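# Descriptive analysis of the structure
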Amino acid sequence: MQLFLMRFRKVPPGVITRAMIEAHKAGLGGIKRDLLEAHYLAGGHVASVVHALVSAEKANIDLPFNMATAIDLAGRDVFEAVQMSVNPKVIDTPPVTAVSKDGIQLICKARVTVRAAIKQLVGGAGEETVLARVGEGIVSSIGSSFSHKEVLENPDSISRVVLEKGLDAGTAFEILSIDIADIDIGKNIGAVLQMDQAEADKNIAQAKAEERRAMAVALEQEMRAKAQEARAKVIEAEVQVPLAISEAFKNGNLGIMDYMKYKNINADTAMRDSIARDENSSSSSDNSQSE
């Protein structure tokens, strides 16, 4: 009758029957047919749950039926979790790059040995979270080292620091050990940063020097313009002299003899200027020849 009702409820009798036979042969008397049918109708994997319960019973792992079905319905492989509890899994971390306080870059690879925490499988974080936390711990440990030589001499110091952080909290795994597989020396980041800073300082100094040169050129052009303006004012003032002399002649304030004396003074001044220029040029040529 129950086999007929299973077919009526669209439950394969063979799956339930084989699971009950396996459970009873393994000594699991607490597993009832109704529980298996309910788990199947909820979308669970009956065979996987029973395999996991049998394996947990043989390995002395406390795994109740309700917890096993909850793990299975949560989307995790409960049988694989039991196997991982018996046989821990080794996870290789990707290369983690960190820089010590002396500016040397170190590339570290680690192997994390974990086993499944049965009670934390439901709602616990996965392998990606464990790897991220281990990488963060490696970066923090190397970054707090004063010299890269300390890390190369004692790579186990990284493992101790990372394990003390309790990185498996809130995850579905229990970290058993963290072993440093390889450490390579990368670039001298400190020297690269100093070179970049020196290059930036040089560019800033060149920009400031170019700015000062441009300001000097602009000031020179401005002074030339002012000199031209001053010369123009002088010429404009000199133009007024003949007009003033003409006006003096008209008003009778200047006679012909006074004008002739004025012309003689101008001639004498021009002659003295020419003689002075000739003497300066001859003395400069003599000095250049003696040198």
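Just so we're clear, the structure is a prediction, and the values are computed from it rather than from any experiment. (Residues numbered from 1 in each chain as written. Predicted model: local features only at pLDDT ≥ 70, side-chain atom pairs only at ≥ 80, totals over all residues. Heavy atoms only, no water.)

### Notes on the overall build of the protein chain
Let me state the cut-off plainly: Only DSSP runs of H or I reaching four residues or more are called helices, and only runs of E reaching two or more are called strands; each is numbered from the N terminus. Under the scheme applied here, a residue whose accessible area is under 20% of the maximum for its type counts as buried, over 50% as exposed, and between as partly exposed, the area being computed with a 1.4 Å probe on protein chains only. The contact definition used throughout considers only heavy atoms, calling two residues in contact when any of these lie within 4.5 Å. Per-residue and other accessible areas were derived by the Shrake-Rupley procedure at a 1.4 Å probe size, with only the shown protein chains allowed to occlude residues.
When helices and strands are tallied, the protein chain shows eleven helices and four strands. Considering the protein chain as a whole, with its 291 residues, one finds that 26% of them fall into the buried category. When contacts within the protein chain are restricted to residue pairs at least 6 apart in sequence, those whose partners lie at least 24 apart make up 68%. When the accessible surface of the protein chain is summed, it comes to about 19000 Å², and 56% of that surface belongs to carbon and sulfur atoms.

### Here's the deal with the environment of Gly75
Relative to the elements of secondary structure, Gly75 occurs in the loop between helix 5 (65-73) and helix 6 (78-86). Taking the C-alpha atoms as reference points, Gly75 and Gly44, 31 residues apart in sequence, are found 8.9 Å from one another.

### Concerning the side chain of Ser100
Relative to the helices and strands, Ser100 resides in the loop between strand 2 (96-99) and strand 3 (104-116). With residues up to four places along the chain from it excluded, the contact list for Ser100 reads Ile142, Gly143, Ser145, Ser147 and His148.

### Some thoughts on the nonpolar core
So the rule is basically this: Only buried residues count toward a nonpolar core, which is a set of Ala, Val, Leu, Ile, Met, Phe, Trp, Tyr and Cys residues joined through side-chain atoms within 4.5 Å.
Core analysis: the largest hydrophobic core is formed by 45 residues, its most contacted members being Leu36, Leu53, Leu63, Ile138 and Ile142. A total of seven residues in this core trace back to one element, the largest contributor, which is helix 4 (residues 46-58).

### A few points about the side chain of Thr93
Inspection of the secondary structure puts Thr93 in the loop between strand 1 (89-92) and strand 2. Thr93 sits in the buried class, given a relative accessible area of 9%. With sequence-adjacent residues up to four places away left out, Thr93 is seen in contact with Lys109, Ala110, Val112, Leu131 and Val134.

### Looking at the pattern of salt bridges
The cut-off we apply is this: Salt bridge, as used here, is a side-chain nitrogen of Lys or Arg placed within 4 Å of a carboxyl oxygen of Asp or Glu.
Applying the stated rule across the entire model yields six salt bridges. Residues Lys226 and Glu222 are paired through a salt bridge, measuring 3.8 Å at the closest nitrogen-oxygen approach. Here the residue Lys226 and the residue Glu222 both occupy positions in helix 10 (residues 189-251), the gap between them amounting to four residues, near one helical turn. Look at Lys226 and you get partly exposed, because its relative accessible area is 44%. The class for Glu222 is partly exposed, based on a relative accessible area of 40%. The partner of Glu229 in a salt bridge is Lys233, and the shortest N-O contact between them spans 3.9 Å. One end of the pair is Glu229 and the other is Lys233, both in helix 10 and four residues apart, which spans about a single turn.

### Some remarks on helix 3 (residues 33-41)
We apply this condition: The directions considered for the arc run from the helix axis to the C-beta atoms.
For helix 3, the full list of buried residues reads Leu36, Glu37 and His39. Each buried residue of helix 3 sits inside an arc of 160 degrees when the element is viewed along its axis, so together they form one side. Looking at the residues trailing helix 3, positive phi occurs at Gly43, about 95 degrees.

### Some details on a nonpolar patch on the surface
Worth spelling out the cut-off: Any residue with relative accessible area above 30% and no salt bridge may belong to a patch, with like charges joined within 9 Å and the nonpolar Val, Leu, Ile, Met, Phe, Trp and Tyr side chains within 5 Å.
A grouping of Phe249, Ile256, Met257 and Met260 is seen on the molecular surface, where their side chains present a nonpolar patch of about 400 Å² in accessible area. If you tally residues by element for the nonpolar patch, the top one is helix 11 (residues 256-290), at three residues. As for its placement among the helices and strands, Ile256 is situated in helix 11. By relative accessible area, Ile256 is classed as exposed at 53%.

### Looking at the packing of helix 3 against helix 5
Just so we agree on the cut-off: Helix axes are fitted only over the stretch in contact, all axes being lines through C-alpha atoms; the angle between N-to-C directions runs from 0 to 180 degrees. Here roughly perpendicular refers to angles of 65 to 115 degrees, roughly parallel to angles under 35, roughly antiparallel to angles over 145, and oblique to all remaining angles. Note: crossing handedness is left-handed where the near helix turns anticlockwise from the far helix by less than a right angle, and right-handed where it turns clockwise. Asp, Glu, Lys and Arg are counted as charged, while Ala, Val, Leu, Ile, Met, Phe, Trp, Tyr, Cys and Pro are counted as nonpolar; the rest, among them Gly, fall into the polar class.
Direction vectors running N to C along helix 3 and helix 5 enclose 15 degrees, while the axes themselves pass 11 Å from each other. It follows that helix 3 is roughly parallel to helix 5 by the angle criterion. Where helix 3 crosses over helix 5, the handedness of that crossing is right-handed. Contacts from Leu35, Leu36 and His39 in helix 3 reach Phe65, Thr69, Asp72 and Leu73 in helix 5. Of the residues contributing to the contact of helix 3 with helix 5, the split by class is four nonpolar, two polar and one charged.

### What to know about the environment of Asp156
Following the sequence through the fold, Asp156 ends up in helix 9 (residues 156-164). With a relative accessible area of 40%, Asp156 lands in the partly exposed category. Along the backbone, Asp156 and Ile180 are 24 residues apart, and their C-alpha atoms lie at a distance of 7.1 Å.

### Some details on the environment of Glu136
Within the element layout of this structure, Glu136 appears in helix 7 (residues 127-143). As for Glu136 and Leu167, which are separated by 31 residues in sequence, their C-alpha atoms are 9.7 Å apart.

### Section: the confidence of the model for the protein chain
The line we're drawing: Per-residue confidence from the predictor is reported as pLDDT, a score between 0 and 100.
For the protein chain, the average pLDDT comes to 77, and 90% of its residues sit at 70 or higher. Per-element averaging of pLDDT across the protein chain places helix 1 (residues 2-8) at the bottom with 62 and helix 10 at the top with 84.

### Thoughts on helix 5
Of all the residues in helix 5, the buried ones are Phe65, Ala68, Thr69, Ile71 and Asp72. For helix 5, the arc enclosing every buried residue in end-on projection is 160 degrees, short of the 170-degree limit, so these residues lie on one face. Against the buried residues of helix 5 lie helix 3, helix 4 and helix 6. After helix 5 finishes, the residue Gly75 shows a positive phi value of roughly 100 degrees.

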